Amino acid sequence: MLVNCAVYQQGKKLTDIPLSDISGYLQRSDCFVWVALRDTDAGEMKEMQAQFGLHELAVEDAVLGKQRPKLEEYGDSLLAVLQTLEIQAGELRIGEMYMFAGPNYVLSCRRNTEKGFTEVRARTEREPELLRHGSGYVLYALMDAVVDRYVPVLEALEAELETLEERIFTSGSARANIQALYELKQKLGVVKHATGPALEAVGKLFGGRVPMVCLNLGEYFRDIYDHLIRLNQSIDTARDTISTAISVNLSMIALQENETTKKLAGYAALIAVPTLIVGIYGMNFEHMPELHWTLGYPFSLALMAGIDVYLYLRFRRAGWL
């Protein structure tokens, strides 16, 4: 689906145009065309291939989807792929952003992404001096917007981690915490799969040999690279914290089981003493001591009760009961 199609000249928007007029403006060296699409199908991508002269392998990637973040060059044009991340109803949603850039065009296509990039277009149009750099600056603005949207996602996951850490020492929640921590670690893994390869891709756009489209924009792409480094470091720190929290939870479960075992052992000792006394007098020896005592029965009950009370108090003092 077409979102926007416009022509820019000398850093300013010239006009909106229909898709059929793209090829005519591409022949003008003083202009560049910026087309934004959403959830395109194979037919629309074939039309874009015909208009912009896109490489068939790049088009194939955009049609098939589910590509890892990467940067690929095709002559004087390139294809940049980034993953978009959104949190909706507590669930992490993964999308894709395909950006084709040539000397005088930028074609962007987003998939499975609710939030658009109209604010990016508005931002660049407010900066005509920078927009004079042409398609390279638009590519930077789009990539920068995608990376900036990783920040609130990571902050939300870190806030969830802090909540789980506060529940670690809450009685009865250790097993539930482990499940929640493992699910959170999986989400951080998804974010890592988006930012890690993106770091490698953006690193190709500054320093040394860079694509012609991105010449004289090295400091801008380096800024994106720095953001990605910080994001990856934060993700690694959060994942290490989760591993530690899981270990602590497992230790808490072991401690709870030890406490239960001690209580069971204490109660077993309380039962063992009466059982021993009753067992002795249940053997029916011919010469049983105290057999004809009038107070023998209540004395034996009092003896068992006294020993159990003594053991109970000792166990309580030791923290077993």
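Our structure's up above, just so we're on the same page.
Attention in this report is confined to the structure presented alongside it. All values reported here derive from a predicted model rather than from experimental measurement.

**As for the sheet that holds strand E6 (residues 91-102)**
Then, number 1: Overall, mixed pairing links the seven strands, which are arranged E2-E1-E3-E7-E6-E5-E4 in an open sheet. The open sheet has two free edges, formed respectively by strand E2 (12-16) and strand E4 (70-74), since each of these has just one partner strand. Averaged over all pairs of adjacent strands, the angle between their axes in this sheet comes to 20°, without regard to strand direction.
Then, number 2: The sheet strands contacting helix H7 (residues 150-166) are strand E5 (77-88) and E6, and the helix crosses E5 at an angle near 35°.

**Quick look at the packing of helix H6 (residues 135-148) against H7**
Then, number 1: Packing of H6 against H7 leaves a shortest axis separation of 4 Å and a crossing angle of 10°. Judged by the angle between their axes, H6 and H7 are roughly parallel. Along its contact with H6, which presents Val-146, Val-147 and Asp-148, the element H7 presents Tyr-150, Val-151 and Pro-152.
Then, number 2: Of the residues assigned to the contact of H6 with H7, the class counts are five nonpolar, no polar and one charged.

**Observations concerning the packing of helix H2 (residues 42-52) against helix H3 (residues 56-64)**
Helix-helix packing: each pair is described by the crossing angle between the helix axes and the interaxial distance.
Then, number 1: Direction vectors running N to C along H2 and H3 enclose 155°, while the axes themselves pass 10 Å from each other. It follows that H2 is roughly antiparallel to H3 by the angle criterion. Where H2 crosses over H3, the two elements pack in a sense that is right-handed. Where H2 approaches H3, its residues Ala-42, Met-45 and Gln-49 are matched on the opposing element by Glu-56, Val-59, Ala-62 and Val-63.
Then, number 2: When the residues that make up the contact of H2 with H3 are grouped by side-chain class, the tally is five nonpolar, one polar and one charged.

**Quick look at empty space enclosed by the protein**
Then, number 1: On inspection of all chains with the given rule, the structure shows one cavity of 30 Å³ or more.
Then, number 2: The calculated volume of the largest cavity comes to roughly 40 Å³.
Then, number 3: Every residue along the wall of the largest cavity is listed here: Leu-54, His-55, Ala-58, Tyr-74, Ser-77, Leu-78, Phe-100, Ala-101 and Tyr-105.
Then, number 4: When residues of the lining of the largest cavity are traced back to their parent elements, those giving at least two are E5 and E6.
Then, number 5: For the lining of the largest cavity, the residue count by class is seven nonpolar, two polar and no charged.

**As for the state of the cysteines**
Then, number 1: Using the criterion set out here, one finds zero disulfides in the structure.
Then, number 2: Free cysteine Cys-31: the closest other cysteine sulfur is in Cys-5, separated by 12 Å.
Then, number 3: A relative accessible area of 3% means that Cys-31 is categorised as buried.
Then, number 4: Just so you know, Cys-109 is unpaired, no disulfide at all, and the nearest cysteine sulfur is the one on Cys-5, 14 Å from it.

**Focus on the pattern of salt bridges**
Then, number 1: Counting across every chain of the model gives 14 salt bridges.
Then, number 2: A salt bridge links Lys-70 to Glu-72, with the shortest nitrogen-to-oxygen separation between them at 3.2 Å.
Then, number 3: By relative accessible area, which is 25% here, Glu-72 ends up partly exposed.
Then, number 4: Via salt bridges that share partners, Arg-38, Asp-39, Arg-93 and Glu-114 belong to a single interconnected network.

**A short note on the environment of Glu-60**
Then, number 1: Examined against the element boundaries, Glu-60 turns out to sit in helix H3.
Then, number 2: The class for Glu-60 is partly exposed, based on a relative accessible area of 40%.
Then, number 3: Distance in space between the C-alpha atoms of Glu-60 and Lys-46 is 9.5 Å, their sequence separation being 14 residues.

**Quick look at the packing of aromatic side chains**
Then, number 1: If you walk through the whole model with that rule in mind, you get eight aromatic pairs.
Then, number 2: Ring geometry for Tyr-140 and Phe-221: centres 6.0 Å apart, planes at 85°, overall edge-to-face. Taken together, the residues Tyr-140 in helix H6 and Phe-221 in helix H9 (residues 218-281) connect sequence positions 81 residues apart.
Then, number 3: Taking the relative accessible area as the measure of exposure, Phe-221 reaches 0% and is therefore buried.
Then, number 4: Over the ring of Trp-34 we find Arg-121; its NZ or CZ atom is 4.0 Å from the centre of that ring.
Then, number 5: In this arrangement the basic side chain of Arg-149 is found over the ring face of Phe-117, its NZ or CZ atom lying 4.1 Å from the centre.

Parameters at a glance
Residues numbered from 1 in each chain as written. Predicted model: local features only at pLDDT ≥ 70, side-chain atom pairs only at ≥ 80, totals over all residues. Heavy atoms only, no water. Pairing = 2+ DSSP bridges. Helix = DSSP H or I, 4+ residues; strand = E, 2+ residues; numbered from the N terminus. Axes fitted to C-alpha atoms, helices over the stretch in contact; angles between N-to-C directions. Contact = heavy atoms within 4.5 Å. Parallel < 35°, antiparallel > 145°, perpendicular 65-115°, else oblique. Nonpolar A, V, L, I, M, F, W, Y, C, P; charged D, E, K, R; others polar. Left-handed = near helix turned anticlockwise from the far one by under 90°. 1 Å grid on protein atoms, 1.4 Å probe; cavity = no way out; pocket = protein on both sides within 12 Å on 5 of 7 lines; lining within 4 Å. Points joined across faces, edges and corners; volume = space filled by probe spheres on them. Disulfide = S-S within 2.5 Å. Buried < 20%, exposed > 50% of the residue type's maximum accessible area, 1.4 Å probe, protein only. Salt bridge = Lys/Arg side-chain N within 4 Å of Asp/Glu carboxyl O. Phe/Tyr/Trp six-rings, centres within 6.5 Å; stacked < 30°, edge-to-face > 60°. Lys NZ or Arg CZ within 6 Å of the ring centre and 35° of its normal.

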